[in-house]
Amino acid sequence: MLDKTFRPATIEAKHYERWEKSGAFAADTAASGRPYVIMMPPPNVTGNLHMGHALTFTLQDILVRYHRMRGFDVLWQPGTDHAGIATQMVVERQLEAQGSNRHDLGREAFIDRVWAWKEESGGAITRQLRRLGASPDWARERFTMDDGLSQAVRKVFVELYKQGLIYRDKRLVNWDPKLHTAISDLEVESREVKGRMWYFKYPVEGQPGTFITVGTTRPETMLGDTAVAVHPDDERYQALVGARCLLPLADRPIPVIGDIYADPAKGSGAVKITPAHDFNDFEVGRRHALPMINILDRDARLNDAAPERFRGLDRFMVRDQVVAEMDALGLLEKIEDNAMTVPYGDRSGVVIEPWLTDQWFVDARALAAPALRAVEDGRTTFVPRHWENTYFEWMRNIQPWCISRQIWWGHQVPAWYGPDGRFFVETSEEEAIQAAIRHYGKAVTLVRDPDVLDTWFSSALWPFSTLGWPAQTPELKRYYPTDVLVTGFDIIFFWVARMMMMGLHFMGDVPFRTIYIHALVRDEKGHKMSKSKGNVIDPLDLIDTYGCDALRFTMAALAAPGRDIKMSESRVAGYRNFATKLWNAARFCQMNECFVVSGYQPRDLQEKVNLWIVGKVAQAGQRVTEAIKAYRFNDAAQVCYAFTWNTFCDWYLEFAKPIFGGGDAKAQVETRATTAWVLDQILVILHPFMPFLTEELWESLSDGRETRLMEAPWPEFATSTDGKAEVATADMEWLVRLIGDVRSVRAEMNVPPGAKIPLYLKDAGAETRSRLVAHRDILLGLARLERAELADDEISVKGAAQIVVEEATVVLPLAGVIDLEQERARLAKEIQKLAGEITKIDNKLDNAGFVAKAPPEVVEEQRERRNDFATAREKLAQALGRIAAE
């Protein structure tokens, strides 16, 4: 017998260990089933499970568990990312605590130290994924710096270089002055700040008293200005195009150029151009062949290209000094407050500097063209479809991809420099030495490039490098391309697009047929979770408190396409109650001897309630199957929930109780077997969502099952076309609706729970009359009725609530049970109150200023509240309308 209380902690570890040890998660290249493949987005080896992980890995696990049960040869490829900067910082902090640093150790010893940390502490995230119930093929786990993947990275780099698609260039990058490395856009955190706009007057050369005013948020960079730009069509400045300004403080003449980058409607319409310190200015500089003067060193201090008095000073100190000197010269026109976005390093916490430096780049535009076509012609599709537009926008405006990083932990660039600075790109040092001998005609000393590759470079190869490429392995042949990628929209460009580019270039086919983009997990108010706000929810805490299944089901139930998830602990608590409801229902079935009958199929049933529930099982199973196939996880979860809680627990088991306690032995046997069968079907369709609870019940409710639930086949849910089943279904649906409507009236009218009221059916046809007779006993009990009778033509409806069910009118006399006049007044007052709330919200939503300024999640919340109020008002209005006038 099942315990009275469901305790998730007592079953989760037990079942997971059995699954993993049995090899139930494993793919098999020799299997007969069609392959189904998902590449796990590799979490950082430094990472800990967060709510975003809980969402994405739950959805992936639902898909792989469902497809295993459908008979597919499933490969969910696991692994972790070496996370270059993040991992290096973890170890550097350890060294700092010991009074040391990586330079004291030297590169080789430091790398050894990082590997030691990885072996000791780097498995936390995979252990936590097991707690989430994730079922990848752990035996195939890969790491982006293991030997096989490192070989793939070197081969790709060398081939792209020799094809002219990787090159070395001097361009602007996101430079972190604290970490001393270029970083990706994803590692840049944009912060809204209240800044200032300074307006400086630049004297026009040869025209005393003539100035051109430029606005800037970064006065310190003016020392690197090489032009002033105005729009070619701006009549105010057309006469000055081609003239020169004298750059204050630096005493350099700079040209006035015409360029469409200048916006006549913004500020003065003239902008200072600093190509070495602004990404937009860099492009202007290239268009006009302007000098690029880098005035900052790697610490963001002024270098020797700046006037001597500024050299060695921090950029922000120079900012104050420049403003003071411009003011003293009478060249500071005005200062305005300016709301602006400033880029910060997400790990260093310092302001990121656009910095001109030599780096390695990928010709992303060339690689993007085939990846664009693959989505345009449907070889890869996005779900939801609108994310294709984001993909197209990024890919059509793609810039060279900076792939080098100035750190030590990562894939070191396979390039070696000769004594004259010429470099040799090869897959090994031995090959580089031979290439150098061929070039120089003799042996020379080579020095390897110290940079490492962007983490996204190695992870771009993930769909095929994990399968053994460049070797032509059985896994590569069978499992590439993959079926679906499940990921968040924030890395469509950083990871998804780059996997598309690399997969098409090196494999000749797309890496995945479908890309499912899920939303972000926010707090219950719709705000982004962050430690600084104190609104971070730890999924492991939720698992400890409510169980893994409750968290997983919450993630699925809230995963509506295109809508961010508003997460709260109360939601998880609610689905824990759902798990408890199923547990208690299973225990009730045990107590009533509803045991699984081997080989049982629900055929030749006689009881209407059983014919009805079998049809409902088929409907629910079909809807869950269709929803999972369409990636509508929330719809699938809702069907599971509604069928289990409402149809099975609240209706079917209540209908079955009189049979269990009655004297019809034949009906009892049929109903017990059917109940056990229905419960089994529930466990099957719920298993991808709630694997631990369902596996425990599957094991406990029957002795000697041949398979675990996770290996059981997914049923083919077929709807019966038998006439007897259709009649039974219509009868039971009538009964469910009638009882439900009576309960609604009782609740709306505040009828005391213990009060039994009469029910009369008016204008009932022959079929309805027959149903009333057949189901009177169950109707009396479940609707809490004093009696249920056919009404004669003279029955009074005064003081009664009325409901229409099919052709008949249901009359519920309430006079003497409740104060009808008081109830009418209460309902009218509630309706008026709700109308007032709706008007308040409508006024807000009609206010263009509110809609423009309020965060999108706040506007959406207001719309949702309005809909809730409107629904409640409609229900109350219906209740008021049901009370017949005196």
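Heads up: the structure comes first, above all this text.
As the structure is a prediction and not an experimental result, all values here were calculated from the model. (Residues numbered from 1 in each chain as written. Predicted model: local features only at pLDDT ≥ 70, side-chain atom pairs only at ≥ 80, totals over all residues. Heavy atoms only, no water.)

1. Notes on the overall build of the protein chain
As a reminder, the rule being used: The helix and strand labels rest on DSSP assignments: H or I over at least four residues marks a helix, E over at least two residues marks a strand, and numbering proceeds from the N terminus. Only protein chains enter the accessibility calculation, which uses a 1.4 Å probe; a residue is then buried when its area is under 20% of its type maximum, exposed when over 50%, and partly exposed in between. Using the Shrake-Rupley algorithm and a 1.4 Å probe, accessible areas are obtained, with residue cover drawn only from the displayed protein chains. For the charge count, each Lys or Arg is scored as positive and each Asp or Glu as negative, with His and the chain ends excluded. Note that the charge is assigned to NZ on lysines, CZ on arginines, CG on aspartates and CD on glutamates.
Helix and strand counts for the protein chain come out as 28 helices and 29 strands. Taking the principal axes of the C-alpha coordinates as reference, the protein chain spans close to 110 × 65 × 55 Å. Considering the protein chain as a whole, with its 886 residues, one finds that 54% of them fall into the buried category. For the protein chain, the exposed area adds up to about 39100 Å²; of that, 48% sits on carbon and sulfur atoms. Computed over 108 positive and 124 negative side-chain charges, the separation of the two mean positions in the protein chain equals 1 Å.

2. What about the pattern of salt bridges?
Rules: Here a salt bridge means any side-chain nitrogen of Lys or Arg lying within 4 Å of a carboxyl oxygen belonging to Asp or Glu.
Tallied over the entire structure, the rule returns 53 salt bridges. For Asp-73, the salt bridge is made with Arg-478, and the minimal N-O distance between the two is 2.8 Å. Of this pair, Asp-73 sits in strand 2 (residues 73-77) while Arg-478 sits in helix 15 (residues 474-479), and the two are 405 residues apart along the sequence. The partner of Asp-650 in a salt bridge is Lys-581, with the nearest N and O atoms 3.2 Å apart. Placement of Asp-650 in helix 21 (residues 633-660) and of Lys-581 in helix 19 (residues 569-591) is noted, with a sequence separation of 69 residues between them.

3. Overview of the sheet that holds strand 7 (residues 188-203)
Operational definition: Only when DSSP finds a minimum of two bridges between them are two strands counted as paired. Here an angle of 0 to 180 degrees is reported between the N-to-C directions of two axes, which are lines fitted to C-alpha atoms, with helices fitted over the stretch in contact. Every residue pair with non-hydrogen atoms within 4.5 Å of one another is taken to be in contact.
Within the open sheet, the three strands sit side by side as 8-7-13. Their pairing is antiparallel. The open sheet terminates on both sides in strands that have one partner only, identified here as strand 8 (211-216) and strand 13 (332-345). With direction set aside, neighbouring strand axes in the sheet form an average angle of 20 degrees. The pairing of strand 7 with strand 13 spans 13 bridges and is antiparallel. Pairing of Tyr-199 across the sheet is with Lys-334, part of strand 13. Relative to strand 7, helix 9 (residues 315-328) is tilted by about 25 degrees, and along the sheet it contacts strand 7 and strand 13.

4. What about the packing of aromatic side chains?
Our working definition: Here the aromatic set is Phe, Tyr and Trp, taking the six-membered ring for Trp, and pairing holds for ring centres within 6.5 Å; pairs whose planes are under 30 degrees apart are stacked, those over 60 apart are edge-to-face, and all others are tilted. Whether a charge sits over a ring depends on NZ of Lys or CZ of Arg being within 6 Å of the ring centre and within 35 degrees of the ring normal.
With the rule as written, the count across this model stands at 43 aromatic pairs. Centre to centre, the rings of Trp-115 and Trp-409 are 5.2 Å apart; their planes meet at 80 degrees, and the pair counts as edge-to-face. Of this pair, Trp-115 sits in helix 5 (residues 107-121) while Trp-409 sits in the loop between strand 17 (404-405) and strand 18 (415-417), placing them 294 residues apart in sequence. Through pairs of rings, three or more aromatic residues link up here, namely Phe-157, Tyr-161, Trp-360, Trp-401, Tyr-417, Phe-423 and Phe-457. In this arrangement the basic side chain of Arg-65 is found over the ring face of Trp-19, its NZ or CZ atom lying 4.5 Å from the centre. Here the basic side chain of Arg-130 rests over the ring of Trp-138, its NZ or CZ set 4.0 Å away from the ring centre.

5. A look at empty space enclosed by the protein
The following threshold applies: Here a cavity denotes a set of grid points, spaced 1 Å apart and computed over the protein atoms alone, in which a 1.4 Å probe fits but from which it cannot get out, and a pocket denotes an open set meeting protein on both sides within 12 Å along at least five of seven lines; residues with an atom within 4 Å of a point are reported as lining. Grid points are joined across faces, edges and corners, and a volume is the space filled by probe spheres set on the points. All amino acids are sorted into three groups, where Ala, Val, Leu, Ile, Met, Phe, Trp, Tyr, Cys and Pro are nonpolar, Asp, Glu, Lys and Arg are charged, and the leftover types, Gly among them, are polar.
In this structure the tally under the stated criterion is one cavity of 30 Å³ or more. Approximately 40 Å³ is the volume attributed to the largest cavity. Partitioning the lining of the largest cavity into residue classes produces eight nonpolar, two polar and one charged.

6. Considerations on helix 19
Short version of the rule: For a helix, the expected span equals 1.5 Å multiplied by the number of residues minus one.
With 23 residues, helix 19 should reach 33 Å at 1.5 Å per residue; the first-to-last C-alpha distance of 33 Å fits that figure. Those residues of helix 19 lying buried are Val-572, Ala-573, Tyr-575, Phe-578, Ala-579, Leu-582, Trp-583, Ala-585, Ala-586, Arg-587, Cys-589 and Gln-590. Check the buried side of helix 19 and you find it contacts helix 17 (539-546), helix 18 (548-557), strand 25 (565-567), helix 21, helix 22 (665-686) and helix 23 (691-700). Immediately beyond the C-terminal end of helix 19, within one or two residues, lies Glu-593, with a positive phi of roughly 60 degrees.

7. Section: unusual backbone geometry
Cis geometry marks the peptide bond from Trp-469 to Pro-470, where omega comes out at 15 degrees. With respect to the helices, strands and loops of the structure, Pro-470 is situated in the loop between helix 14 (462-465) and helix 15. The omega torsion of the bond from Tyr-480 to Pro-481 falls at 0 degrees, within 30 degrees of zero and hence cis. With respect to the secondary-structure elements, Pro-481 resides in the loop between helix 15 and strand 22 (482-488). The phi dihedral of His-180 falls on the positive side, at around 60 degrees, and the residue is not glycine. If you trace the backbone, His-180 turns up in the loop between strand 5 (166-176) and strand 6 (181-183).

8. Quick notes on the environment of Arg-34
Mapped onto the secondary structure, Arg-34 falls in the loop between helix 1 (12-22) and strand 1 (35-39). Given the relative accessible area of 52%, Arg-34 is considered exposed.

9. Here's the deal with the sheet that holds strand 18
Read from one edge to the other, the open sheet built from three strands follows the order 19-18-20, with strand pairing classed as antiparallel. Only two strands of the sheet have a single neighbouring strand rather than two, namely strand 19 (423-425) and strand 20 (447-448). Pairing of strand 18 with strand 19, which is carried by three bridges, proceeds in the antiparallel orientation. Bridged to Trp-416 within strand 19 is Phe-424. On the sheet, helix 12 (residues 429-440) packs against strand 18 and strand 19 and is oriented at approximately 135 degrees with respect to strand 19.

10. As for the pairing of strand 2
How we decide: Here the term right-handed applies to a crossover when the path leading from its first strand over the helix to its second strand runs clockwise, the strands being oriented away from the viewer.
A large share of strand 2 lies buried, amounting to five of its five residues. What you see with strand 2 is no split at all: Asp-73, Leu-75 and Gln-77 on one side and Val-74 and Trp-76 on the other are buried throughout. Between strand 1 and its parallel partner strand 2, the chain crosses via helix 2 (residues 51-69), and the hand of that crossover is right-handed.

11. Focus on helix 25 (residues 766-783)
Note the cut-off: The reported bend at a residue is simply the angle between two axes, fitted to the 7 residues ending at it and to the 7 residues beginning with it.
With 18 residues, helix 25 ought to run about 26 Å at 1.5 Å a step, yet its terminal C-alpha atoms sit only 22 Å apart, falling short of that. Largest kink in helix 25: about 70 degrees, centred on His-775. Those residues of helix 25 not exposed but buried are Thr-768, Arg-771, Leu-772, His-775, Ile-778, Leu-779, Leu-782 and Ala-783. Summarising the contacts, the buried residues of helix 25 are in contact with helix 21, helix 24 (723-748), strand 26 (757-762), strand 27 (785-790) and strand 29 (808-813). One or two residues past the end of helix 25 sits Arg-784, with phi positive at roughly 55 degrees.

12. Section: the pairing of strand 11 (residues 252-258)
Pairing of strand 9 (residues 227-230) with strand 11 involves three bridges; the strand directions are parallel. Within strand 11, the residue paired with Val-230 across the bridge is Gly-258. Direction of pairing for strand 10 (residues 244-247) relative to strand 11: antiparallel, over a ladder of four bridges. By the bridge assignment for strand 11, Leu-247 is matched with Arg-252. Linking strand 10 back to strand 11 in an antiparallel pair, the connection comprises four residues, with Leu-249 at a positive phi of about 70 degrees.

13. Points about the side chain of Asp-731
Counted only if it meets this: As used in this structure description, the phrase polar contact means that two N or O atoms lie within 3.5 Å; if the pair is within protein, one of them must be able to donate a hydrogen and the other to accept it, and residues adjacent in sequence are counted only when both atoms belong to side chains.
Following the sequence through the fold, Asp-731 ends up in helix 24. A polar contact is formed between the side chain of Asp-731 and the side chain of Arg-771, at a distance of 2.7 Å. Look past the residues within four positions of Asp-731 in its chain and what remains in contact with it is Lys-608, Arg-771 and His-775.

14. Quick word on the packing of helix 18 against helix 21
The relative placement of two packed helices comes down to the angle between their axes together with the axis-to-axis distance. As a reminder, the rule being used: Angles are sorted into four bins: roughly parallel if under 35 degrees, roughly antiparallel if over 145, roughly perpendicular if 65 to 115, and oblique for all others.
Running from N to C, helix 18 and helix 21 point in directions that differ by 120 degrees, and their axes come no closer than 7 Å. Judged on the interaxial angle alone, helix 21 and helix 18 are oblique. Residues Phe-553, Ala-556 and Ala-557 of helix 18 lie in contact with helix 21, whose contacting residues are Phe-633, Asn-634, Ala-637, Cys-640 and Tyr-641. For the contact of helix 18 with helix 21, the class distribution of residues is seven nonpolar, one polar and no charged.

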